Amino acid sequence: MDKFTQAQRRVFINDIDSFTSKCIAKCLSKHTVEADCSAEKESGLSKSSDTGSQSYKVVGTISDVLEEITPYVLEAYTRPSRENILQKLMECDIIIYNITQHPEQVEEARWAVTALHAEKNNFQQQKTFILISTVMTWACSEPINSDELELPFTDDDFRRRKPHPNFQKHLELEKTVAKLGKMDRALFSTYVVVSGLQYGVGEQVFHLFFKMSWLGQENEIPVFGEGNNIVPTIHVSDLASVVKKIIEHQPKPFYLVAVDYSNNTMEDIVKSIACALGIGKIQRKPFEEAFLKQDLSVMDIDFLHVNLCMEGVHLKELFSVNWLCEFGLVENIELVVEEYRQTRGLLPIRMCVLGPPAVGKSSVSQQICNHYKLHHIKLNETISETISHLELMVKNTPSDAENEESTSVIEAQELLNIVKDNMEQNGEFVLCLDASDSFLKDRVINLPEKLVQEHKFGTPPNVEDLERFIDGYFYNCAMEDSSVEKPSKKPSKKRKNDSATDTDDLTTTEVSVSMLESINKKLEVLSLICEDVKGLKVSIEFFSQQVSDLQRDNAEIHSTLVTVSAELETVKKENKMLKETILDVQSRSMQDNLIFLGISENTSDNPEVEIKKIMTTSLKIPQETVNNISFHRVHRLGARRGNRPRPIITKFEHFKQKIFVKSKGRELKGTSFGMNDQFPREINER
């Protein structure tokens, strides 16, 4: 490897616009490394042939399209395909995958290291894969010594580690990376860097506490849980320095723990942040309330709950890291706070509004404070608080106090006397009135109408008598007469046929003729019957042919019916699967819902008010927490029947809030109320 190639080493970093990856990219691109192997310990380090300085060209993926590529990034790829990513990885000497922030990066990192290992025979030079993992893969590890619970875990204990349930895939990836790097380190070497909770610059996991302390909207900063859990941490710039040292020196140990030398508890960290940015007050709250904070993801909550004492032995033995915050966040809180302010542009704003009385100083000041989120310091409240503080200071100081304390008490008493004298002379809280009467008169006359209406009782509106106009009712009673003419029946006349028979005059010949005529008529009838029989025979032959055709058609129909039956069974199966899918979709749409039972109702029922009342009184949730819970909708289920109260369905805006309220369900034991998840009717009937 020639000097020019070393000076142009190319580094790939995933999610280069994220918190940790961005800091590592800045560290590698802006810093020139002086390769001085003599400054490092010989043990555990592979020999390097670098005799000059190294610089790095940083490329990587980004989650969003940037308006312009930042100066520390040579190339940025937005959502590339895996084929394109592999091509870019093959062009790089160092590949860094950070999986401490986004869980979806675990699968991509697994694919990347596997694909590179499969292509190692096509490498033109050695490649190094560095996985930045998290201490959450150690979260459930059993203590090394049950008698000494505070004994720290070290790098050599990595085979004993047990992960948090939500970080099982992270552990599996660590094992995969370590395994693939052992096969041929001359071509493809791998490292696993287990990072503590990262802080510094603009903050990430601890951002909620910095934000709340800076805004000052709450008097006490919450500590979720007992707060006595030890949190392993590292400044994000120190983590970048550790990664840089690994690239430079290629150490023999492949598993390194990157944490600072602090053993701060969660309470220590929150207390130091509150003191540096706020009034320093903290309050322990149930750990479940962390799920109600929108600024905390589920991963962040898992981070804050970790309890591990860890020590990075390899960092101490192999590298001489130029630590920025070697002893943790609490010891370097001033530096960390200054980084937070500079990164987020939170420079302090102080304004003083002056003017004569009744010109609107308080109103303007309040609007300015609301817009810029500043503290509104009012004169009356400041004087009252100062007097109370001076009186308390004078009262609580013992008579046998030392010289310095007695001097402070004397000064406090003198200042208290001066303030009280001014109040007696000028009136309570009145320091100076230098406005003329004419000015005040004009000020009152020209006050905005809105302010006048706020302080003036309006006259009741006049009630005018409403005149009622009564229109007469018009009835259309006229009905048209209709008559129906019935046809008259005329009697029919019976016709009488007069026939004269003269039987006495009939002769024998006439009788014979009569018999012949009768026989002829019967023969004609027989002839007609013969013709009908012939017709029936033809019809029978025709119907026989029809039956044959029907039998043939029936056979075809039977065959078709068998095919249709088979297809019908397939459709039934698909229909059943579709119903299950619909039930699953319905269940997911109801995952934010809770059903409350046994809550009485009346005509002026407001279900949301009743639910919040139950949360406060029966579930024992603090009123402040209840006020922060929001719903999409709250309503009674079904039509009212009888005196039995209908269930109330509540759809929460945030799933975390629903889980929190549900966790309080044990408080309803022994009461007339009930609370359940909502499921589709088909699932309830199973």
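Note that this is a predicted model, so its numbers are computed, not measured.

Before going further, it helps to spend a moment on the sheet that holds strand β16 (residues 648-652). What the four strands build is an open sheet, ordered β15-β16-β14-β17; its pairing is antiparallel. This sheet does not close on itself; its edge strands, each paired only once, are β15 (631-636) and β17 (674-677). Averaged over all neighbouring strand pairs, the angle between strand axes comes to 20°, with direction disregarded. Judged from the four bridges that link them, strand β14 (residues 593-597) and β16 form a sheet pairing that is antiparallel. The partner of Ile595 across the bridge, within β16, is Ile649.

When you tally the buried positions in strand β6 (residues 94-98), you get five out of five residues, the bulk of the element. Residues of β6 alternate between two faces, with Ile94, Ile96 and Asn98 on one and Ile95 and Tyr97 on the opposite face, all of them buried. In terms of strand pairing, strand β1 (residues 9-13) meets β6 through three bridges, oriented parallel. Bridged to Val11 within β6 is Ile94. For β6 and strand β7 (residues 127-134), the ladder comprises five bridges, and the chain directions are parallel. Counted as the bridge partner of Ile96 is Ile130 from β7.

Now for the sheet that holds strand β4 (residues 56-62). Spatially, seven strands are ordered β5-β4-β1-β6-β7-β8-β12 in an open sheet, and the strand pairing comes out parallel. Where the open sheet ends on each side, the last strands, each with one partner, are β5 (75-78) and β12 (255-258). Each adjacent strand pair in this sheet contributes to an overall mean axis angle of 20°, direction not counted. Both β7 and strand β8 (residues 188-195) contribute to a ladder of eight bridges, which runs parallel.

A separate point is the side chain of Arg636. Its location among the elements puts Arg636 in strand β15. At a separation of 2.9 Å, a polar atom in the side chain of Arg636 contacts the main-chain carbonyl oxygen of Ser600. Side-chain polar atoms of Arg636 contact the backbone oxygen of Arg646, separated by 2.6 Å.

A few words now on the pattern of salt bridges. Throughout the structure, instances matching the rule amount to 16 salt bridges. Lys662 is the partner of Asp677 in a salt bridge, and the nearest nitrogen-oxygen pair spans 2.5 Å. Taken as a pair, Asp677 in strand β17 and Lys662 in helix α21 (residues 655-663) lie far apart in primary sequence, 15 residues in all. A relative accessible area of 41% means that Lys662 is categorised as partly exposed. When salt bridges that share partners are traced, they join Lys658, Lys662 and Asp677 into one network.

We now examine the packing of aromatic side chains. Taken as a whole, this structure holds twelve aromatic pairs when the rule is applied. What links up through ring pairs into an aromatic cluster is the set Trp138, Phe153, Phe158, Phe254 and Tyr255. Here the guanidinium or amino end of Lys127 rests over the ring plane of Phe123, the centre of that ring lying 5.2 Å away.

The next point concerns a nonpolar patch on the surface. Judged by side-chain polarity, Leu516, Ile519, Leu523, Val525, Leu526, Ile529 and Val533 come together as a nonpolar surface patch covering roughly 650 Å² of accessible area. Tracing the backbone shows Ile529 in helix α18 (residues 508-589).

Rules of the game
- Residues numbered from 1 in each chain as written.
- Predicted model: local features only at pLDDT ≥ 70, side-chain atom pairs only at ≥ 80, totals over all residues.
- Heavy atoms only, no water.
- Pairing = 2+ DSSP bridges.
- Helix = DSSP H or I, 4+ residues; strand = E, 2+ residues; numbered from the N terminus.
- Axes fitted to C-alpha atoms, helices over the stretch in contact; angles between N-to-C directions.
- Buried < 20%, exposed > 50% of the residue type's maximum accessible area, 1.4 Å probe, protein only.
- Polar contact = N/O pair within 3.5 Å; in protein donor to acceptor, adjacent residues only side chain to side chain.
- Salt bridge = Lys/Arg side-chain N within 4 Å of Asp/Glu carboxyl O.
- Phe/Tyr/Trp six-rings, centres within 6.5 Å; stacked < 30°, edge-to-face > 60°.
- Lys NZ or Arg CZ within 6 Å of the ring centre and 35° of its normal.
- Patch = residues over 30% accessible without salt bridge, like charges linked within 9 Å, V, L, I, M, F, W, Y side chains within 5 Å.
- Areas by Shrake-Rupley, 256 points an atom, 1.4 Å probe, with all protein chains shown as cover.

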